[in-house]
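Chain residues, written in single-letter form:
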Amino acid sequence: MVERLSYRRHSRYNTKSNKTRLLRTPGGRLTSLVVKKKAKGPACGDCGKRIIGVPALRPQEYRRLKKRERRVNRAYGGSRCAKCVRT
């Protein structure tokens, strides 16, 4: 049988921001590990396609990156895709 675990964070319900997965510790205990949300990444403002060269991170994690890692080195880099800049 699988052990039942209770939520250890703010919300006691199975919401989008409260997803967990089971983790077995080296001592053999089962604990719950909070899973982070998947990021979509930046998209082009004109056509809506994902921008190549910019990592898909959560908004908080972009602050930890350098400026050159948050954008692409061209005009409108990080805002518009290469095809839309050319046309």
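Residues numbered from 1 in each chain as written. Predicted model: local features only at pLDDT ≥ 70, side-chain atom pairs only at ≥ 80, totals over all residues. Heavy atoms only, no water.

(A) How the structure looks around unusual backbone geometry. For Tyr76, which is not glycine, the phi torsion reads 60° and is therefore positive. For Tyr76, the location among the structural elements is in the loop between α2 (67-70) and α3 (82-86). (Helix = DSSP H or I, 4+ residues; strand = E, 2+ residues; numbered from the N terminus.)

(B) Focus on the confidence of the model for the protein. Here the protein averages 90 in pLDDT, and 98% of its residues register 70 or above. Least confident of the elements in the protein is strand β2 (residues 30-34), whose mean pLDDT is 89; most confident is α3, at 94. (pLDDT = per-residue confidence, 0-100.)

(C) The pattern of salt bridges, seen in detail. Inspection of every chain in the model, using the stated rule, returns two salt bridges. Between Lys36 and Glu61 there is a salt bridge, with the nearest N and O atoms lying 3.8 Å from each other. Within this pair, whereas Lys36 is found in the loop between β2 and α1 (59-62), its partner Glu61 is found in helix α1, the two being separated by 25 residues in sequence. The salt bridge partner of Asp46 is Arg80, with a shortest N-O separation of 3.3 Å. Separated by 34 residues along the polypeptide, Asp46 in the loop between β2 and α1 and Arg80 in the loop between α2 and α3 bring together distant segments of the chain. (Salt bridge = Lys/Arg side-chain N within 4 Å of Asp/Glu carboxyl O.)

(D) Local environment of the environment of Val34. Topologically, Val34 is positioned in strand β2. Considering only alpha carbons, one finds Val34 and Leu22, twelve residues apart in sequence, at a separation of 8.9 Å. With residues up to four places along the chain from it excluded, the contact list for Val34 reads Arg9, Lys19 and Thr20. (Contact = heavy atoms within 4.5 Å.)

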